[in-house]
Structure formats: C-alpha cells, structure tokens
Amino acid sequence: MIRALTFFAALLLCSAGINAQQLAKKKIAGSFKNKSLDLALFNLKIDYRLVFDYDKADTKGVVVNVYLSKMPLSEAMPLLLFDTGLGFSFEEPNRVTIFKQSAATEANTASL
C-alpha cells in the first residue's frame, strides 16, 4: 500500500513538470499595439484558454507594443513583459503567474 502511494505521488510530481513544459511550448500569436497589458493578457486568456494570476496594481498603466507571431509562450512572455519590471512563471496546467521583479532579478536578467 505504501509503495502504491509513493508511486502515485511520484507520478503526480512528474506529470506536474511535464504540464509546465507543455505550457511553455504552447504556441501563441497576437498583435498588441499601444494596448494595456491587462487587455493583452485578457485577449490571450480568451484565445488560448490561459489563466493569468497577477496583482492588478502591478499592471496599472502598463502599455505594451509587441507582435507575437505563432511562438512558444516561453518566448512570447519575455517580449510581452519587456521593460515592464514584471516577471513570470508557468504553473499547472495552464496558469501563468506574473509578478513584480526585484531590482536584483532585473539586473541578473539584463546581464544574460
């Protein structure tokens, strides 16, 4: 019984990583010229059945200018959030968490 529970727990953990990887590879497209980040995220939510978790105060007044041409979400998110001071992470199964980056994180990202 304990072996079965251990196997089941390991299987769940493995599938969690796979789902996040699949989400990162999901291809999206969109043209956001002088659009609020909130509206761009809403459009992606509707078009691709994504869930975005973020603090509305972090995106207030943020305007984006980006064209995304059928690219993986892992490549699209940095373009969408470029120069906003925001970062992201992929969660289960179709959730993207957006957060305010610290100054240290921004400096490390810029040096890459």
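Right above here is the structure, for reference.
Residues numbered from 1 in each chain as written. Predicted model: local features only at pLDDT ≥ 70, side-chain atom pairs only at ≥ 80, totals over all residues. Heavy atoms only, no water.

Draft legend 1. Unusual backbone geometry, seen in detail. Even without being a glycine, R49 presents a positive backbone phi close to 55 degrees. The exposure class assigned to R49 is exposed, which follows from its relative accessible area of 70%. One non-glycine residue, D83, adopts positive backbone phi at about 65 degrees. Topologically, D83 is positioned in the loop between helix 4 (73-80) and strand 4 (86-91). (Buried < 20%, exposed > 50% of the residue type's maximum accessible area, 1.4 Å probe, protein only. Helix = DSSP H or I, 4+ residues; strand = E, 2+ residues; numbered from the N terminus.)

Draft legend 2. Expanded view of the pattern of salt bridges. Counting across every chain of the model gives 2 salt bridges. Here D53 makes a salt bridge to R95, at a shortest N to O gap of 2.8 Å. Residue D53 is located in strand 2 (residues 51-53), and its partner R95 is located in strand 5 (residues 95-100); the two are separated by 42 residues in the primary sequence. The class for D53 is partly exposed, based on a relative accessible area of 31%. For K100, the salt bridge is made with D58, and the minimal N-O distance between the two is 3.7 Å. With K100 in strand 5 and D58 in helix 3 (residues 56-59), this residue pair connects regions lying 42 residues apart in the sequence. (Salt bridge = Lys/Arg side-chain N within 4 Å of Asp/Glu carboxyl O.)

Draft legend 3. Structural view of the nonpolar core. One finds M77 and L80 to be the most contacted residues of the largest nonpolar core, which totals 25 residues. At the level of secondary structure, the elements contributing two or more residues to this core comprise helix 1 (2-25), strand 1 (27-36), helix 2 (37-48), strand 3 (63-72), helix 4, strand 4 and strand 5. Here the element with the most residues in this core is helix 2; it accounts for 5 residues. Once residues within four sequence positions are removed from consideration, M77 is found in contact with F52, F88, F90, V96 and I98. (Core = buried A, V, L, I, M, F, W, Y, C linked by side-chain atoms within 4.5 Å. Contact = heavy atoms within 4.5 Å.)

Draft legend 4. Highlighting helix 4. Within helix 4 the residues assigned to the buried category are L73, A76, M77 and L80. For helix 4, the angular spread of the buried residues around the axis is 100 degrees, confining them to a single face. (Arc of directions from axis to C-beta.)

Draft legend 5. Focus on the sheet that holds strand 2. The strand order across the open sheet built from 3 strands is 2-5-4, with neighbouring strands paired in mixed fashion. Sheet topology places strand 2 and strand 4 at the edges, where each strand pairs with a single neighbour. Each strand of the sheet is rotated relative to its neighbour by a mean of 25 degrees, with strand direction disregarded. Across the sheet, helix 4 lies against strand 2, strand 4 and strand 5, angled at about 160 degrees from strand 4, the strand it touches most. (Pairing = 2+ DSSP bridges. Axes fitted to C-alpha atoms, helices over the stretch in contact; angles between N-to-C directions.)

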